[in-house]
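Below are the chains, spelled out letter by letter.
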Amino acid sequence: YLLAFDSISSLLLYHATQRVVHFLRNILVRLESDDASGIFTLVKNAHDIHTETSVSLMFSNIIELERRFDNDVKRFIKLVKTLGYIEPEFAEFTIDRDGIHLPKRIEDFIEELETKKSRIDKIKLHYRYIVSSYPEDSDDVFFLLDFVK
């Protein structure tokens, strides 16, 4: 199964960082024991650097999404931390009636991960879920992922 947890930032409003980290660690252990995956969100720059670092260290993948407003809204994605290596730089992606269009280098990276015979065969679905669930009116968001390795 896939657990979507939106958002860690909300928990941090009401609970101490140490308590939230302990709670998340328990969830991640459960996901691993169930051979499941999870998507967790954290609002970027809403917390001090110590809190963001403490939380992000627990996750094997981090995707950052950003919106920029020029004449129209543009969406960007950056793979900050991943199971493999990809240059961590922002690249534009689009969403239209035909679907989600990720940059070629990210599509290639996902394809490369899919060809490896590990238990991350659902990775493309997860990445697509992340960008399709990115709300129009949200602030920049970190997506913290724990894929089954």
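Quick look at the structure, then. Throughout this document, residue positions are counted from 1 along each chain, in the order its sequence is written. Totals for whole chains, interfaces and linings use all residues, but because this is a predicted model, local features are given only for residues with pLDDT of at least 70 and pairs of side-chain atoms are given and counted only at 80 or more. Based on all heavy atoms of the structure, the side-chain values leave hydrogens and waters out of the count.

Overview of unusual backbone geometry
Convention followed: Helical segments are the DSSP runs of H or I of at least four residues, strand segments are the runs of E of at least two, and each set is numbered from the N terminus. Partly exposed describes any residue whose relative accessible area lies between the buried limit of under 20% and the exposed limit of over 50%, with all areas from a 1.4 Å probe on protein chains only and scaled to the type maximum.
Here the amide bond leading from Asp6 into Ser7 is cis, since omega sits at 20°, within 30 degrees of zero. Position of Ser7 among the secondary structure elements: in the loop between β1 (2-5) and α1 (8-14). If you check the backbone angles, Asp35 has positive phi at about 60° while not being a glycine. Among the secondary structure elements, Asp35 is positioned in the loop between α2 (17-33) and β2 (37-43). The exposure class assigned to Asp35 is partly exposed, which follows from its relative accessible area of 38%. In this structure, Asn45 takes a positive phi of about 60° despite not being glycine.

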